[in-house]
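Secondary and tertiary structure notes
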Amino acid sequence: MGVPVNSLASPRFCGVRTFQRLPYSADCSGNDFAVLGVPFDTATSYRPGCRFGPAAIRDASSILKSYHSVLDVDIFEHCQGVDAGDVDIIPGYLDESFERIEAAVAGVLDAGAVPVIMGGDHSITLPELRAVAKRHGPVALLHFDAHSDTGDDFFGKPYNHGTTFHWAIEEGLILPEQSTQAGIRGPLYSRSSLDYAKGKGMRVISGWELHDIGVDETIRIMRERIRPETPVFVTFDIDFLDAAYAPGTGTPEIGGFTTHEALKLILGVCPGQRLVGMDLVEVLPDTDSAGITSFAAAGIMHAFLACLAANKKHNPS
């Protein structure tokens, strides 16, 4: 229980798809983490279809193995996990789906596991953070994205995948002074589009700045802002990657980052942190015939799991 199928005994293209061939179980008790799919894209503003993201990521994840050479850790020597399946959202009904997402994440947390979530559009992070904050208090947010997602409304309505972190701040779910948004780039609606996030104390590292200062300095900035024992939530929008590395997404942006840079950021920031949750969102497989976006998503999630295992290895309690 809690470890993947042995791919030397059963080929990786066999079996029912779960993330990294983990056992499927809605009961997360006794596990360190639970992978959860949220196939919801009602709040998208451009190209829909990321409701199919969790299925595509699961399919791509069968290629993953348990040992992470950079951190020198075998994930399943130190952690157990399950694939808890998908949240049964209600297509077209945002508020009701948010209630179901929050309840599902709360269930994972109640079982003592860290939720590792596959979207779905970026609006799903708001109900996730509601559940996490009720359990752990407000979190330091490590936000990798091409877009700040801090608008206050969309066509007069509050919730959309571009307003998530405005409402997370307003609801007291995150600690802006300890949080960082990295990779923000592309044309904006106005000169003032990023004023809200910056005014609330978020460190916004634009894509241009990240390219200029480099990954190592970005890691230093992110880590320096987080106080010891603060709970940390990682949210990774796949459009943080350059469109060449992630064509399968709803709002692709040029001028982004490589998969190597993304992995280096995760592996540089997350070890030693009090990690309480992670999501990876906005994978839209229909616009990526080669599947490279889903492989990238699975690999980034794997890096986060390796960080969980490394933290437990070095601090078993």
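Per-chain numbering applies: the sequence of each chain, read as written, is numbered from 1 onward. Owing to the predicted nature of the model, reporting of local features is limited to residues with pLDDT of at least 70; listing and counting of side-chain atom pairs is limited to 80 or more, with chain, interface and lining totals taken over all residues. Working from all heavy atoms in the structure, the side-chain values ignore hydrogens and water.

- Labelled according to an unreviewed UniProt entry, the protein chain appears under the name Agmatinase, originating from Bilophila wadsworthia.
- UniProt positions are given in the numbering used here, feature names are shortened, and annotations may be inferred rather than shown by experiment. Turning to the protein chain, the UniProt record has this under Sequence similarities (unreviewed entry): "Belongs to the arginase family. Agmatinase subfamily."

1. A word on the packing of helix H3 (residues 94–110) against helix H4 (residues 125–136)
- Running from N to C, H3 and H4 cross one another at 40 degrees; their axes reach a closest spacing of 8 Å. Note that H3 runs across H4; the crossing there is right-handed. Residue-level contacts link Phe-98, Ile-101, Glu-102, Val-105, Ala-106, Leu-109 and Asp-110 of H3 to Leu-126, Pro-127, Glu-128, Arg-130, Ala-131, Val-132, Lys-134, Arg-135 and His-136 of H4.
- Amino acids are sorted into nonpolar (Ala, Val, Leu, Ile, Met, Phe, Trp, Tyr, Cys and Pro), charged (Asp, Glu, Lys and Arg) and polar (every other residue, Gly among them). Looking at side-chain class alone, the contact of H3 with H4 contains nine nonpolar, one polar and six charged residues. Between N-to-C directions, angles cover 0 to 180 degrees, with each direction set by a line fitted to C-alpha atoms, over the stretch in contact for helices. The secondary structure listing takes helices from DSSP runs of H or I that are at least 4 residues long and strands from runs of E that are at least 2 residues long, numbered from the N terminus. In a left-handed crossing the near helix is turned counterclockwise from the far helix by less than a right angle, and in a right-handed crossing that turn is clockwise. Should any heavy atoms of two residues lie within 4.5 Å, those residues are counted as being in contact.

2. Things to note about the UniProt feature "binding site: Mn(2+)" (unreviewed entry) in the protein chain
- As annotated in UniProt, the feature "binding site: Mn(2+)" (unreviewed entry) corresponds to His-122, Asp-145, His-147, Asp-149, Asp-237 and Asp-239 in the numbering used here. For this annotated set, covering 118 residues, all C-alpha atoms fall within 12.4 Å of each other, a compact arrangement in space.
- Mapped onto the secondary structure, Asp-145 falls in the loop between strand S6 (140–144) and helix H5 (164–170).
- If near-sequence neighbours (up to four positions away) are discounted, Asp-145 is found in contact with His-122, Ala-182, Gly-183, Ile-184, Asp-237, Asp-239 and Phe-240.
- On the secondary structure map, Asp-237 appears in strand S9 (residues 231–237).
- Setting aside anything within four residues of it in sequence, one finds Asp-237 in contact with His-122, Phe-144, Asp-145, Thr-249, Val-281 and Glu-282.
- Here a polar contact is recorded for every N or O atom pair within 3.5 Å, except that within protein the pair must consist of a potential hydrogen donor and a potential acceptor, and residues adjacent in sequence are included only if both atoms are side-chain atoms. A distance of 2.9 Å separates the side chain of Asp-237 from the backbone nitrogen of Asp-239, its partner in a polar contact.

3. Topic: the environment of Gly-183
- Looking at the element boundaries, Gly-183 is found in strand S7 (residues 180–184).
- Each C-alpha atom of the pair Gly-183 and Asp-239 lies 9.2 Å from the other, and the pair is 56 residues apart in sequence.
- The residues touching Gly-183, leaving out its near neighbours within four places in the chain, are Asp-145, Ala-146, Ile-205, Ser-206, Gly-207, Leu-210, Phe-240 and Phe-257.

4. Some remarks on the environment of Leu-308
- Tracing the chain through its elements places Leu-308 in helix H9 (residues 292–314).
- When the C-alpha atoms of Leu-308 and Ile-184 are compared, they prove to be 26 Å apart, with 124 residues separating the residues in sequence.
- With residues near it in sequence (within four places) discarded, Leu-308 still touches Phe-33, Cys-79, Val-114 and Leu-275.

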